[in-house]
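Summary of the model geometry
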Amino acid sequence: GMFGIFGGRFVAETLMPLILDLERHWNEVKNDPDFRAELTDLSTHYAGRPSKLYFAEGLTKHLREVSSAKGLGGGAKVYFKREDLNHTGSHKINNCLGQILLAKRMGKKRIIAETGAGQHGVASATVAARFGYPCVVYMGATDVARQSPNVFRMKLLGAEVRPVTAGHGTLKDAMNEALRDWVTNVEDTYYLIGTAAGPHPYPELVRDFQSVIGTEARAQILEQEGRLPDTIIAAVGGGSNAIGLFHPFLDDKDVRIIGIEAGGRGLDGIEHCASMNAGSPGVLHGNRTYLLQNADGQIMDGHSISAGLDYPGVGPEHSWLRDSGRVEYVPILDDEALEAFKLTTRVEGIIPALESAHAIAHAVKIVPAMDKDQIVIVNLSGRGDKDVHTVASMLGMEI
Ligand SMILES: Cc1ncc(COP(=O)(O)O)c(/C=N/[C@@H](Cc2c[nH]c3ccccc23)C(=O)O)c1O
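Now for a description of the structure that goes with this document. (Residues numbered from 1 in each chain as written. Predicted model: local features only at pLDDT ≥ 70, side-chain atom pairs only at ≥ 80, totals over all residues. Heavy atoms only, no water.)

**Comments concerning a nonpolar patch on the surface**
This is how the line gets drawn: Exposure above 30% relative accessible area and no salt bridge define the residues that can form patches, which grow by joining like charges within 9 Å and nonpolar side chains of Val, Leu, Ile, Met, Phe, Trp and Tyr within 5 Å. Reported accessibility uses the Shrake-Rupley method at a 1.4 Å probe radius. Residues are deemed covered only where the shown protein chains occlude them. Only one rule defines a salt bridge in this text: a Lys or Arg side-chain nitrogen within 4 Å of an Asp or Glu carboxyl oxygen. For helices the rule is a DSSP run of H or I covering at least 4 residues; for strands it is a run of E covering at least 2, with both sets numbered from the N terminus onward. Burial status follows relative accessibility: with a 1.4 Å probe on protein chains alone, a residue under 20% of its type maximum counts as buried, one over 50% as exposed, and anything between as partly exposed.
A contiguous nonpolar surface patch, about 270 Å² in accessible area, is contributed by M394, L395 and M397. Counting through the fold element by element, M397 comes out in the segment after α16 (388-394). With relative accessibility at 48%, the residue M397 sits in the partly exposed group.

If you want it as structure tokens, here you go:
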């Protein structure tokens, strides 16, 4: 499974039989009508699909005012793809439903996962509860502190949350621990990876499960506007919500596709997670991809205000799309995301996840210079309930 020079399967020998077993089952199910029917049924009646394509009238009006204030007289129509309204509050459920059915088919007895924002952890704990599996979620200690509402949800759902204190205590460290657990429990354990990264076939199967986002959005915009969007935008942590929205549009050459990286406190320092803007190709977590490494090849910790983007790597398909030029990847700073978080809450009555706020922040930047009849779709990948404490303390608000 290669995406140009990216992707592949760089794993310890002990993991190979497991990965090959996963690949065999994945190749079986991906064209199995019964598997697809069961997944579609759960996506519909359990996760609540299709998610709405909502015309963000408040934000559109606001950006038109900004545009006229600049004497531009423009401002495109902004649509939100409402993955925040899925069961558990983000796009993560799409991937978890697909993978739990795979785990069941493989006869596994135990689920493990990694998480940073806690959204994938909650979605994993949710499908584990629904299908009766014990579930262990590895979560960096830093993220346990900043996404506490999700930690409670995971525990309520019956999952064991294992704080990871190694390194920076964020996603990279959590993923390292999950992989270690997997290697020591090869027989009974299914590793439910949370993004479109990792050794082949994970990037492909996660992209497959998430591409329902773009497939729906493409049909919905044609139905609601009678034509394709001019631009589609999504935040990129490991890259699953973004590749899910982008993949069905890749052959629509007139659709501009923009992935947003965590610019953190700026790319001139090391406090960011802009792997494709400021990184270089290397191997991490079983795949070759763009990542942040120092001169000695040590993987950097990185930084982002949002736990779900706080990862110094990226899924290999995005690395390939970057180098092919089909997708533009631009950084958005912590502060820009925070402003978009506040603006969206105020003008739309929607509290977005800080990760999603990065994508909205880029729309805020480019929409005023666009024409009124142009169309932009932003992936609202998740809701911001998990972030309210963090944002409140940053804004000096009393709870
Ligand atoms: C609401 C929301 N939007 C966007 C993202 C960005 O992730 P992606 O680019 O895959 O769409 C996340 C990440 N949430 C996961 C992120 C994650 C899980 N495992 C990972 C491995 C590597 C990188 C990121 C993750 C979490 O639970 O922390 C999220 O919770």
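Let's pick the thread back up.
**So, the pattern of salt bridges**
Taken as a whole and judged by the stated rule, the model has 32 salt bridges. For R105, the salt bridge is made with D32, and the minimal N-O distance between the two is 3.1 Å. Of this pair, R105 sits in helix α4 (residues 92-105) while D32 sits in the loop between α1 (16-29) and α2 (33-47), placing them 73 residues apart in sequence. Classification of R105 by relative accessible area gives partly exposed; the value is 38%. A salt bridge links K342 to E339; the shortest N-O distance between them is 3.0 Å. With K342 and E339 both in helix α14 (residues 334-348) and three residues apart, this pair spans about one turn of that helix. Of the residues examined, K342 reaches a relative accessible area of 30% and is grouped as partly exposed. Overall, E339 belongs to the partly exposed group, its relative accessible area being 46%. One network of salt bridges, with partners in common, ties together R49, K81, E83 and E216.

**A word on the site of the ligand**
Put simply, the rule reads: Think of it this way: one heavy atom of a residue within 4 Å of a molecule or strand is enough to make that residue near it. The term polar contact refers here to a pair of N or O atoms within 3.5 Å; inside protein, the definition further demands a hydrogen-donor-capable atom paired with an acceptor-capable atom, and it admits residues adjacent in sequence only when both atoms are side-chain atoms. The nonpolar class holds Ala, Val, Leu, Ile, Met, Phe, Trp, Tyr, Cys and Pro. Asp, Glu, Lys and Arg form the charged class, and all remaining residues, Gly among them, are polar.
Neighbouring the ligand are 26 residues, the closest being E114, T115, A117, T195 and G239. Backbone polar atom of H120 to an oxygen atom of the ligand: 2.8 Å apart, as the coordinates give it. Look at the ligand: alone it shows 600 Å² of surface, and the protein chains cover 100% of it. Split into classes, the residues belonging to the shell around the ligand amount to seven nonpolar, 16 polar and three charged.

**Overview of the sheet that holds strand β3 (residues 53-55)**
This is how it is decided: For two strands to be treated as a pair, DSSP must find no fewer than two bridges joining them. Axes here mean lines fitted to C-alpha atoms, for a helix over just the part in contact, with angles spanning 0 to 180 degrees between N-to-C directions. Contacts: residue pairs with any heavy atoms within 4.5 Å of one another.
Judged by pairing direction, the sheet is mixed, and its six strands sit side by side in the order β3-β4-β14-β9-β10-β13 without closing on themselves. A strand with exactly one partner marks an edge of an open sheet, and here the two such strands are β3 and β13 (328-333). Ignoring which end each strand starts from, the neighbouring axes of this sheet average 30 degrees apart. Strand direction decides the pairing type here: strand β10 (residues 256-264) and β13, joined by six bridges, are parallel. Its bridge partner lying in β13, I260 is registered against V330. The sheet contacts of helix α3 (residues 57-69) involve β3 and β4 (77-82), and relative to β4 the element is tilted by about 150 degrees. Strands in contact with helix α10 (residues 212-225) are β3, β4 and β14 (375-380); relative to β4, the strand with the most contacts, it is inclined by about 140 degrees.

**Looking at unusual backbone geometry**
Cis geometry marks the peptide bond from R49 to P50, where omega comes out at 0 degrees. Structurally, P50 can be placed in the loop between α2 and β3. Of note, the bond from H200 into P201 is cis; its omega dihedral lies within 30 degrees of zero at 15 degrees.

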